[in-house]
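Listed below are the residues making up each chain.
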Amino acid sequence: MKLYHFPLSGHAHRAALFLSLLGVKAEIIDVDLANGAHKKPDFLKLNSFGQVPVLDDDGLVVSDSNAILVYLATKLGRKDWLPDDLATIASIQKWLSVAAGEIAYGPAAARLITVFGADFRADEVIARAHGILGLINAELQRHRFITGDKPTIADVALYSYIVSAPEGNVDLARHPDVRHWLARIEALPGFVAFPRTAVGLAA
Ligand SMILES: N[C@@H](CCC(=O)N[C@@H](CS)C(=O)NCC(=O)O)C(=O)O
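Below is a short write-up of the structure. These figures come from a predicted structure and were not determined experimentally.

**Side note on the overall build of the protein chain**
Helix and strand content of the protein chain: eight helices and four strands. N-terminal to C-terminal, the α/β element order of the protein chain is β-α-β-α-β-β-α-α-α-α-α-α. Relative to a compact globule of 203 residues, whose C-alpha radius of gyration would be 17 Å, the protein chain shows 16 Å and is just as compact. The burial tally for the protein chain puts 50% of its 203 residues in the buried class. The long-range fraction of contacts in the protein chain, counting pairs at least 24 apart against all pairs at least 6 apart in sequence, stands at 68%. Each charge class in the protein chain was averaged separately, 20 positive and 22 negative side chains, and the resulting centres sit 2 Å apart.

**A short note on the side chain of glutamate 167**
Note that glutamate 167 resides in the loop between helix 7 (153-163) and helix 8 (176-186). Glutamate 167 sits in the buried class, given a relative accessible area of 2%. Within the structure, the side chain of glutamate 167 is placed 3.0 Å from the backbone nitrogen of threonine 197, a separation counted as a polar contact. The residues touching glutamate 167, leaving out its near neighbours within four places in the chain, are Arg111, Thr114, Val115, Pro195, Arg196, Thr197, Val199, Gly200 and Ala202.

**Re the site of the ligand**
Around the ligand, the neighbouring residues are Ser9, His11, His38, Lys39, Gly50, Gln51, Val52, Pro53, Asp64, Ser65 and Tyr161. Contacts to the ligand include glutamine 51, whose side-chain N or O atom sits 3.2 Å from an oxygen atom. A distance of 2.6 Å separates an oxygen atom of the ligand from a polar side-chain atom of serine 65. Coverage of the ligand by the protein chains reaches 72% of its 510 Å² of free accessible surface. According to the grid-proximity analysis, the pocket containing the ligand is the largest pocket. Looking at the shell around the ligand residue by residue, the class counts come to three nonpolar, six polar and two charged.

**Here's the deal with the side chain of threonine 147**
Within the element layout of this structure, threonine 147 appears in the loop between helix 6 (122-140) and helix 7. When near neighbours in sequence (up to four residues on either side) are disregarded, threonine 147 contacts Thr88, Ser91, Ile92, Trp95, Thr152 and Ala154.

**Remarks on the layout of surface pockets**
By volume, the largest pocket is sized at about 820 Å³. If you go around the largest pocket, you meet 30 residues; those closest to its centre are Ser9, His11, Gln51, Val52 and Tyr161. At the level of secondary structure, the elements contributing two or more residues to the lining of the largest pocket comprise helix 1 (10-22), helix 3 (65-75), helix 4 (86-103) and helix 5 (107-116).

**Digging into the packing of helix 7 against helix 8**
Two numbers describe how helix 7 lies on helix 8: the axes approach to 11 Å, and their chain directions differ by 115°. Our pair here, helix 7 against helix 8, has a crossing hand that is left-handed. Residues Asp155, Leu158, Tyr159, Ile162 and Val163 of helix 7 form the contact with helix 8, whose participating residues are Val178, Trp181, Leu182, Ile185 and Glu186. Tallied by class, residues from the contact of helix 7 with helix 8 come to eight nonpolar, no polar and two charged.

**Concerning unusual backbone geometry**
Valine 52 connects to proline 53 through a cis peptide bond whose omega is 5°. As for its placement among the helices and strands, proline 53 is situated in the loop between helix 2 (41-46) and strand 3 (54-57). Unlike most non-glycine residues, aspartate 58 shows phi in positive territory, near 50°. In this fold, aspartate 58 is placed in the loop between strand 3 and strand 4 (60-63). Assessed through its relative accessible area of 78%, aspartate 58 is described here as exposed. Of note in this structure, aspartate 64 is not a glycine but carries a positive phi near 90°. Inspection of the secondary structure assignment puts aspartate 64 in the loop between strand 4 and helix 3.

**Observations concerning helix 4**
An α-helix turns once per 3.6 residues; consequently, residues spaced three or four apart project the same way. Its 18 residues place the ends of helix 4 24 Å apart at the C-alpha level, agreeing with the 26 Å of an ideal helix rising 1.5 Å per residue. In helix 4, a bend of some 25° at serine 97 exceeds every other bend along the element. Of all the positions in helix 4, only Thr88, Ser91, Ile92, Trp95, Leu96, Val98, Ala99, Gly101 and Ile103 are classed as buried. Taken together, the buried residues of helix 4 touch helix 1, helix 3, helix 5, helix 6 and helix 7.

Cut-offs and rules
Residues numbered from 1 in each chain as written. Predicted model: local features only at pLDDT ≥ 70, side-chain atom pairs only at ≥ 80, totals over all residues. Heavy atoms only, no water. Helix = DSSP H or I, 4+ residues; strand = E, 2+ residues; numbered from the N terminus. Rg over C-alpha atoms; globule rule 2.2 N^0.38 Å. Buried < 20%, exposed > 50% of the residue type's maximum accessible area, 1.4 Å probe, protein only. Contact = heavy atoms within 4.5 Å. Lys, Arg positive; Asp, Glu negative; His and termini not counted. Charge placed at Lys NZ, Arg CZ, Asp CG, Glu CD. Polar contact = N/O pair within 3.5 Å; in protein donor to acceptor, adjacent residues only side chain to side chain. Near = heavy atom within 4 Å. Areas by Shrake-Rupley, 256 points an atom, 1.4 Å probe, with all protein chains shown as cover. 1 Å grid on protein atoms, 1.4 Å probe; cavity = no way out; pocket = protein on both sides within 12 Å on 5 of 7 lines; lining within 4 Å. Sits in = over half its atoms within 2 Å of the grid points. Nonpolar A, V, L, I, M, F, W, Y, C, P; charged D, E, K, R; others polar. Points joined across faces, edges and corners; volume = space filled by probe spheres on them. Axes fitted to C-alpha atoms, helices over the stretch in contact; angles between N-to-C directions. Left-handed = near helix turned anticlockwise from the far one by under 90°. Expected span 1.5 Å × (residues − 1). Bend = angle between axes of the 7 residues up to and from the residue.

Right, here's the structure in full:
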């Protein structure tokens, strides 16, 4: 398996983290986003969206971080990470949507401003980040992980852009149960950290 990756991408970390939690060895190929390698024809053949991460499983190509989580858990029969009871399936899908929605346009966008100079309104995306983190904090008062007392791919999908939220000036001190949940994920066997950037509240 090959994972096309970029070290400062939380989406790419999401995929790399899950491979590591699963104990799956993959060749990690860093794509030179700074020099536009992701918009070159060779890469666009893999992912016409021109984005990382992309997983190449012996010619079967999967793009989109959440699709990679679902693909790996299903292919490897890891019902611990992707249970097949209806209530948990629905809950996991809800949180994958949150990861691609409120998290991408909240804490991830806030971090894009400080790390990459992205043109978002800081007050708007920081407010959105605190809104969704407040809801996640309340959920985590009811159970240890986001869908219940065991970790699933929904936790993996949420982790990277929440742990790096302070880089975008989103203060996690306001969300103590979220911080305890981050520590629980970091204690899982096979955990690999998302490299920190010394900006925002993390400077
Ligand atoms: N929905 C995609 C989003 C991936 C994404 O936004 N990747 C960023 C890096 S974090 C990227 O490659 N950006 C380059 C671009 O869009 O030009 C996923 O979940 O994988």
